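Descriptive analysis of the structure
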Amino acid sequence: MIRHLFKLIWNKKKAHSLLLVEIWASFLVLFGLTSLIVYNVRNYREPLGFEYQNAWAISLKSNEDTTELAQKIEMVLQRVKAYPEVESASRMSNNFPFSQSSRNNGIDYNKKHVLADFYVTDENYAKTMVIPVVEGRWYRSADSVGKYSPVVINRKLKEELFGDEKPLGKIISERFKVTGVVNTFKSKGEFMVDKPALFELVDAKSPWNDLLMIRVKPGTDAVFEAKMVKAITTMVAGWSVEVDHLTDSRKTTHNLTLVPVIIFLIVSGFLLINVALGLFGVLNLSIAKRRGEIGLRRALGATGNGISQQFISEILVLATFALLIGLLFAMQFPLMNVFDIHAGIYLTAIAISVVVIYGIVTLCAIFPSRLAARIQPAVALHEE
Amino acid sequence: MINLTNIEKVYRTSSIETLALNNINLNIRKGEFVSIMGPSGCGKSTLLNIMGLLDEPSKGTVELDGQRVSTYRDKELARLRNEKIGFIFQSFHLINDLSVVDNVEIPLLYRSTNGKPRQTYAKEALEKVGLSNRIKHFPKQLSGGQKQRVAIARAIVGKPEIILADEPTGNLDSAMGNEIMNILQGLNDEGATIIMVTHDENMAKRTHRLIRLFDGTQVQ
């Protein structure tokens, strides 16, 4: 019967061409959407690598002040640490978690070159951000006395640079020495892909890296924030101070990821509803046009259910034709590693899209095919 | 073979009730060639549909090979239609998107005959009606007479015992009509029971028995 249906569909390919294009286009749009969703869900399921609750980022801007900046930053850091509400404080570069700023650089080891995110922090950063160190240890200020600058890398960078090799104590890019490895560090939030990252010890004498990360005790409120900001601005007159609560920054970052996905989802949803309604209409019309054939098939031995199954099978065969053409396009993404996204994401998206398309066409075919099953053969044959 | 007792068929709409058949009693014996005649709207096709298990009577019983079919479910009726009955229609009812051989194969699809034997049987049936040179053609490429011969091949491919023909020569000229009639007579000679609705007295005269209907009632 399937061969018979293939022949029937194939011989009507011109009449079905628009329907084929419609299903094919829906598949591609759905593939795009599901790739985006699978990509984000997969990222979301990977650990963030740090704790953002009760963590605040204090941006210090020296403005016109150009004297003894490093000492002043250090002074502010010590003052902030002294507050009983502050559990831990740390100094770092301005690409703090959930910020819009980023910094990256190439890392070389044994002829391998990997682009990694760079974070310049002090020795207290792991404690402040609650970053578990899975191998070795977080660097200390005392480590800076050596020839090489101490660095901590994440597991992703370790895998790309060293593979199965032990990374601890290794020299990379001829200037860094690896002291520890952390698991993941997704500074742009849960939806960020786990990228290679490197933490470098801050130079205490440098006037740069003027951002303070602090972890406050749970329940610390805006009153303390105002008090702290006032104290800082008194200490470093003319500087501007801005405090970001990481919970708020996280929401903003998430919105940047989720809003386009939701817009795409809504647009695709409308498109799929239109396609479904179109299919439904076409099938209804097709059944009205083929009443004679339905009557004939009933006369020749088809049951009502058989007729219903035939119409559902026909639309599934048609969807298969459209999906095969769609797969030719979709398979190029994993094969050509488009956007440097893991092939598994594309393959999962393809599988989901195929299932959804088959689901939609089946749903659209159920009602018209039931109508077809109820057609009285004697009446249908007489109409013809 | 086919036994109809007190058959009555009423078509009802919300406002009109039409009596299509009234107290029809009929016994068709195995191997008979019976023609049914009557003016348009007298119930000939309705009677044929009831005998072909395509329609149910409002009253009365239909027996096929001694078995009452009124209790049969859709699946069993479909199986009986497929195995015991072959249909030929005035307007041929060929599927234009399928080739001649694919059209003829359709009854065998519903008894799950495999591809190879299915094609062999279809070709044999087409050879019987003299169309073995047209198997790859599509219905639109055939003349009326050729289309009807394809329809006959489709009706006989499953080797049914009964052939129901609803005005098989109605759309054909007299030469083509005679040709089709010759084929039907040949099938009858081979043992098939044929019941044919016709308007043509000459065609009816070539059958064993003539049944006349008028306003849903059997008058002869």
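From N to C terminus, chain A includes twelve helices and eleven strands. Since a compact globule built from 384 residues should have a radius of gyration of about 21 Å, the 31 Å found for chain A marks it as more spread out than a globular shape. Expressed along its principal axes, the backbone C-alpha trace of chain A runs to roughly 100 × 50 × 35 Å. Out of the 384 residues in chain A, the part that is buried amounts to 37%. Sequence-distant contacts, at least 24 apart, represent 84% of the contacts inside chain A between residues at least 6 apart.

Before going further, it helps to spend a moment on the sheet that holds strand 2 (residues 17–28) of chain B. All names here are of chain B. Spatially, the four strands line up as an open sheet ordered 2-1-4-5, and their pairing is antiparallel. Either end of the sheet is taken by a strand with one partner, and the two such strands are strand 2 and strand 5 (67–68). Sheet topology places strand 1 (residues 2–12) next to strand 2; eight bridges connect them, and they run antiparallel. From the neighbouring strand, Arg12 faces strand 2, where its bridge partner is Glu17.

All names here are of chain A. For chain A, the assigned domains are domain 1 (2–46 + 253–383) and domain 2 (63–238). Taking the mean C-alpha position of each, domain 1 and domain 2 sit 51 Å from one another. In this assembly, seven residues from domain 1 lie in contact with nine residues from domain 2. Elements supplying a minimum of two residues to the side of domain 1 that touches domain 2: helix 2 (13–45) and helix 7 (246–289). Residues belonging to the side of domain 1 that touches domain 2 are distributed by class as follows: one nonpolar, five polar and one charged.

All names here are of chain B. A sheet is described by the order of its strands in space; here six strands give the open sequence 6-7-8-3-9-10, paired in mixed fashion. What marks the edges here is a single partner per strand, and that holds for strand 6 (85–89) and strand 10 (217–218). Two elements, strand 3 (residues 33–37) and strand 9 (residues 209–214), share four bridges in a ladder whose sense is parallel. Directly across from Val34, in strand 9, lies its bridge partner Arg209. Strands strand 6 and strand 7 (162–166) of the sheet are contacted by helix 5 (residues 144–156), whose axis makes an angle of about 170 degrees with strand 6.

The subject of this paragraph is unusual backbone geometry. Residue and element names in this part refer to chain B. Phi at Asn6 takes a positive value of approximately 50 degrees, unusual for a residue other than glycine. Structurally, Asn6 can be placed in strand 1. Residues other than glycine seldom take positive phi values, yet Lys159 does so here, at roughly 50 degrees. Residue placement: Lys159 occurs in the loop between helix 5 and strand 7.

What follows covers the pairing of strand 4 (residues 59–64) of chain B. Residue and element names in this part refer to chain B. Judged from the five bridges that link them, strand 1 and strand 4 form a sheet pairing that is antiparallel. Counted as the bridge partner of Leu4 is Val62 from strand 4. Two strands pair when backbone bridges link them, and strand 4 and strand 5 are joined in this way by two bridges, in the antiparallel orientation. If you follow Leu64 over to strand 5, its bridge partner there is Gln67. Between strand 4 and strand 5, which pair antiparallel in sequence order, lie two residues; one of them, Asp65, sits at a positive phi of approximately 50 degrees.

Here the focus is the interface of chain B and chain A. If you look at the interface, chain B gives 25 residues, while chain A gives 22 residues. Listing elements by their share of the side of chain B that touches chain A, those giving two or more residues are helix 1 (44–51), helix 2 (74–84), strand 6 and helix 3 (100–109) of chain B. Sorting elements by how many residues they give to the side of chain B that touches chain A places helix 2 of chain B first, with six residues. Its residues assigned to classes, the side of chain B that touches chain A shows ten nonpolar, seven polar and eight charged.

The subject of this paragraph is the packing of helix 5 of chain B against helix 6 (residues 174–189) of chain B. All names here are of chain B. Across the interface, helix 5 lies against helix 6 with an axial gap of 9 Å and an inter-helix angle of 15 degrees. Our classification of the angle between helix 5 and helix 6 gives roughly parallel. Crossing of helix 5 against helix 6: the hand is right-handed. For the pair helix 5 and helix 6, the contacting residues are Gly144, Gly145, Gln148, Arg149, Ile152 and Ile156 in the first and Met176, Glu179, Ile180, Ile183 and Leu187 in the second. In the contact of helix 5 with helix 6, the residues fall into six nonpolar, three polar and two charged.

Turning our attention to the packing of helix 2 of chain A against helix 11 (residues 343–374) of chain A. Residue and element names in this part refer to chain A. Between helix 2 and helix 11, the least distance of the axes is 8 Å, while the angle of their chain directions is 135 degrees. The orientation of helix 2 relative to helix 11 falls into the category oblique. Taken as a pair, helix 2 and helix 11 cross one another with a handedness that is right-handed. Judged by residue contacts, Ile23, Ser26, Phe27, Leu30, Phe31, Thr34, Ser35, Val38, Tyr39 and Arg42 of helix 2 engage Ile345, Tyr346, Thr348, Ala349, Ile350, Ile352, Ser353, Val356, Ile357 and Val361 from helix 11. Per-class residue counts for the contact of helix 2 with helix 11 are 14 nonpolar, five polar and one charged.

Each value, and the rule that gives it
- Residues numbered from 1 in each chain as written.
- Chains lettered and ligands numbered in written order.
- Predicted model: local features only at pLDDT ≥ 70, side-chain atom pairs only at ≥ 80, totals over all residues.
- Helix = DSSP H or I, 4+ residues; strand = E, 2+ residues; numbered from the N terminus.
- Rg over C-alpha atoms; globule rule 2.2 N^0.38 Å.
- Buried ≥ 20, exposed ≤ 12 C-beta atoms within 10 Å, placed from the backbone.
- Contact = placed C-beta atoms within 7 Å.
- Pairing = 2+ DSSP bridges.
- Domains from an automatic or database assignment.
- Nonpolar A, V, L, I, M, F, W, Y, C, P; charged D, E, K, R; others polar.
- Axes fitted to C-alpha atoms, helices over the stretch in contact; angles between N-to-C directions.
- Parallel < 35°, antiparallel > 145°, perpendicular 65-115°, else oblique.
- Left-handed = near helix turned anticlockwise from the far one by under 90°.

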